[in-house]
Amino acid sequence: MKQLIVDYIPFEVAPEAITEAMSSNGKLIVKGVLQRAEAKNQNGRVYPIDLLQREAKKYTGSFIKEKRALGELDHPDSSVVNLNNVSHNVLEMHWDGNDLLGTIEVLTTPSGNILRELFKSGIRLGISSRGLGSVEPMKEDKDAQEVQNDFELIAFDFVSNPSTHGAFMNPVNESVNRDAQIRSGKWNAVDNTIGQILRGE
């Protein structure tokens, strides 16, 4: 039976890189790993390469080319992208080995502005895939589940706790920070930054 499948990769942007990225036209463009095939993520799931390639191709043709590859700030409990919470748009995706890389524009929506300020404050975030599908236990690894062929990619969202190792996004350059260890103090900073934005400070 299909279920909502959410998996996360860390995503890091240096404040000075954000300033540089926005200096030309005011847009914030970030690049990095969106998803990884053939590797167990922090949720214990493994995505076969042919499955992710198929879904990436469909997503590019159906959403990216039509400029509606929208994502939200934080994962909703829904398979539908909520326009009230849209923060970014995926501009392109391409493969580097088993890594699915992408370029993302942070929008000037309310959620996009929060996302921008979190990046500017040096908050460590993640990029997370959202899709519908089923999983089956893997024979080789009892602690792992393989995502099945019925998987359908819905969106990529920015979240505070990723499941795919090394998925921090970076502006302008495509270097990936593969340290997936998250310090709890960072999430206090996230709450403080969001509070300041909402209070207009």
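Reading the values: rules and limits
Residues numbered from 1 in each chain as written. Predicted model: local features only at pLDDT ≥ 70, side-chain atom pairs only at ≥ 80, totals over all residues. Heavy atoms only, no water. Salt bridge = Lys/Arg side-chain N within 4 Å of Asp/Glu carboxyl O. Helix = DSSP H or I, 4+ residues; strand = E, 2+ residues; numbered from the N terminus. Buried < 20%, exposed > 50% of the residue type's maximum accessible area, 1.4 Å probe, protein only.

### Notes on the pattern of salt bridges
No. 1: If you walk through the whole model with that rule in mind, you get 10 salt bridges.
No. 2: One salt bridge connects Lys 2 with Glu 152, and the closest N-O pair in it is separated by 2.2 Å. Residue Lys 2 is located in the segment before β1 (3–11), and its partner Glu 152 is located in strand β10 (residues 152–159); the two are separated by 150 residues in the primary sequence.
No. 3: The partner of Arg 130 in a salt bridge is Glu 72, with the nearest N and O atoms 3.2 Å apart. In this pair, Arg 130 is assigned in strand β7 (residues 125–133) and Glu 72 in strand β4 (residues 70–72), connecting sequence segments 58 residues apart.
No. 4: A relative accessible area of 0% means that Arg 130 is categorised as buried.
No. 5: By relative accessible area, which is 2% here, Glu 72 ends up buried.
No. 6: Through salt bridges with shared partners, one network takes in Arg 54, Glu 55 and Lys 58.

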